[in-house]
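In case you want the letters, here they are:
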There are 2 protein chains.
Amino acid sequence: MSAPADSREQVFDALADPTRRRMLSVLGERETATATELAAGLPITRQAVAKHLAALAGAGLVEPTREGREVRYRLTPEPLSGAMAWMATVGGRWDTRLGDLRKRLEE
Amino acid sequence: MSAPADSREQVFDALADPTRRRMLSVLGERETATATELAAGLPITRQAVAKHLAALAGAGLVEPTREGREVRYRLTPEPLSGAMAWMATVGGRWDTRLGDLRKRLEE
DNA sequence: CTAGTGTGCAACCCGTCAGTTGCTCATCAC
DNA sequence: GTGATGAGCAACTGACGGGTTGCACACTAG
């Protein structure tokens, strides 16, 4: 497996929170962002965002880079493939349509 | 989007718990199972399993069928495709941005 | 140097949730 | 009928997690 089973837990856990998913989505469009930048577009404090970023970084979904006095985060979506693989495996035994979707996504 | 955004929340939430993922995995191999059957293979009570099954059913990942005095659950993995699609989108946008960046840098 | 902005750390509420126990109701076997 | 087994419901506990505030530290700008 490309992803250690241990990290799968962290990935699913990271994805469980709507705010974190939203942050991932933003980072998908935005290249990089700092905690304060993200907080500006969310109804929560910068510190809360920082905690979420820590969770995302722990799952390997995001990578921090220090630049002077600020820290820019960029999306590193590789771990998502592990989660998707798990779903495809579970669902694939039952529903072949899911297998088809997986094939399409793998292209 | 193919999946109502509302149910996506429930799906990701359902997948966040390791016990629930394990139950899904078992149901993927086992066709159907009752709450007590599942509890037998897990370190928790039947009632706890029942709660998890309720969560899974709420996410549409599992469907209960009454058979006499017992209730058999079977896996209905369709909602997984919604979650997978979301991940593919987030990760895919990232790929696109990377491509754009590369193009711009090459000029 | 001073002011301003961005991070990091710690302590602290508060809600939710996984799990438990205890009981009742429904169904099958005898 | 009686007894056993399976499901459902309700209340409770304990822990974890999201969010906050408050303050200290680091870096840039003037």
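About the thresholds
- Residues numbered from 1 in each chain as written.
- Chains lettered and ligands numbered in written order.
- Predicted model: local features only at pLDDT ≥ 70, side-chain atom pairs only at ≥ 80, totals over all residues.
- Helix = DSSP H or I, 4+ residues; strand = E, 2+ residues; numbered from the N terminus.
- Buried ≥ 20, exposed ≤ 12 C-beta atoms within 10 Å, placed from the backbone.
- Expected span 1.5 Å × (residues − 1).
- Arc of directions from axis to C-beta.
- Contact = placed C-beta atoms within 7 Å.
- Nonpolar A, V, L, I, M, F, W, Y, C, P; charged D, E, K, R; others polar.
- Pairing = 2+ DSSP bridges.
- Least-squares fit on C-alpha atoms with pLDDT ≥ 70 in both.
- Near = placed C-beta within 6 Å.
- pLDDT = per-residue confidence, 0-100.

**Q** What should I look at first to understand the environment of Asp13 of chain A in this one?
**A** All names here are of chain A. Relative to the helices and strands, Asp13 resides in helix H1 (residues 5-16). The exposure class of Asp13 is partly exposed, given the 17 C-beta atoms found within 10 Å. Each C-alpha atom of the pair Asp13 and Ala55 lies 8.6 Å from the other, and the pair is 42 residues apart in sequence.

**Q** Would you mind going over helix H4 (residues 46-58) of chain B with me for this structure?
**A** All names here are of chain B. Here H4 contains 13 residues, and its C-alpha end-to-end distance of 18 Å stays within 8% of the 18 Å for a straight helix at 1.5 Å per residue. What H4 keeps buried is the set Val49, His52, Leu53 and Leu56. Across the axial projection of H4, the buried residues extend over an arc of 105°, all falling on one side. Positive phi appears at Gly60, one or two residues downstream of H4, with a value of about 80°.

**Q** Can you walk me through the interface of chain A and chain B in this structure?
**A** Reports often express the size of an interface as the amount of accessible area lost when the parts come together. At the junction of the two partners, chain A supplies 25 residues and chain B supplies 24 residues. At the level of elements, H1, helix H2 (18-30), helix H5 (78-92) and helix H6 (96-106) of chain A are the ones that each hand at least two residues to the side of chain A that touches chain B. Broken down by class, the residue content of the side of chain A that touches chain B amounts to 16 nonpolar, three polar and six charged.

**Q** What is the right way to read the sheet that holds strand S2 (residues 62-67) of chain A from this model?
**A** Strand pairing in a sheet is mediated by backbone hydrogen bonds. Such pairs are either parallel or antiparallel. All names here are of chain A. Spatially, S1-S3-S2 is the arrangement adopted by the three strands of the open sheet, whose pairing is antiparallel. Of all the strands in the sheet, the pair left with one neighbour each is strand S1 (32-33) and S2. Here S1 runs beside strand S3 (residues 70-75); their pairing, made up of two bridges, is antiparallel. Note that in S3 the partner of Ala33 across the bridge is Tyr73.

**Q** I tried to follow the relation of the copies chain A and chain B on my own but got confused; where do I start?
**A** The operation linking the two copies of the chain is a rotation about an axis combined with a translation along the axis. With an RMSD of 0.1 Å, chain A superimposes on chain B once it is rotated by 180° and translated 0.0 Å along the axis. Considering both components of the superposition, the chain copies are consistent with a two-fold axis. The residues that chain A uses at the interface reappear at the interface of chain B in 80% of cases, marking a shared surface.

**Q** What's the story with the protein's contact with DNA strand D in this structure? I'm lost.
**A** Around DNA strand D, the surrounding shell holds 19 residues, and the nearest of these are Thr45, Gly68 and Arg69 of chain A together with Thr34 and Thr36 of chain B. Secondary-structure elements contributing two or more residues to the surface near DNA strand D are helix H4 (46-58) of chain A together with helix H3 (35-40), H4 and strand S3 (70-75) of chain B. Considering each element in turn, the surface near DNA strand D owes the most residues, five residues, to H4 of chain A. Tallied by class, residues from the surface near DNA strand D come to six nonpolar, eight polar and five charged.

**Q** Mind showing me how you'd approach the confidence of the model for chain A here?
**A** Residues shown with low pLDDT carry predicted positions that ought not to be read at fine detail. Residues at a pLDDT of 70 or more form 80% of chain A, whose mean pLDDT is 87. Of all the helices and strands in chain A, H6 of chain A carries the lowest mean pLDDT, 55, while H4 of chain A carries the highest, 98.

**Q** Is there a simple way to think about H5 of chain A in this case?
**A** Every α-helix carries 3.6 residues per turn, so stepping three or four residues along brings you back to the same face. With 15 residues, H5 of chain A extends 21 Å from end C-alpha to end C-alpha; this agrees with the ideal 21 Å at 1.5 Å per step. Here H5 of chain A has its buried residues at Pro79, Leu80, Gly82, Ala83, Met84, Trp86, Met87, Ala88, Val90 and Gly91 of chain A.

**Q** What's the story with the pairing of S3 of chain B in this structure? I'm lost.
**A** Both faces of the sheet carry side chains from a regular strand, because those side chains alternate between them. Residue and element names in this part refer to chain B. With six bridges connecting them, strand S2 (residues 62-67) and S3 associate as antiparallel partners. Its bridge partner lying in S3, Pro64 is registered against Tyr73. Adjacent in sequence and paired antiparallel, S2 and S3 are bridged by two residues, among which Gly68 carries a positive phi angle near 65°.

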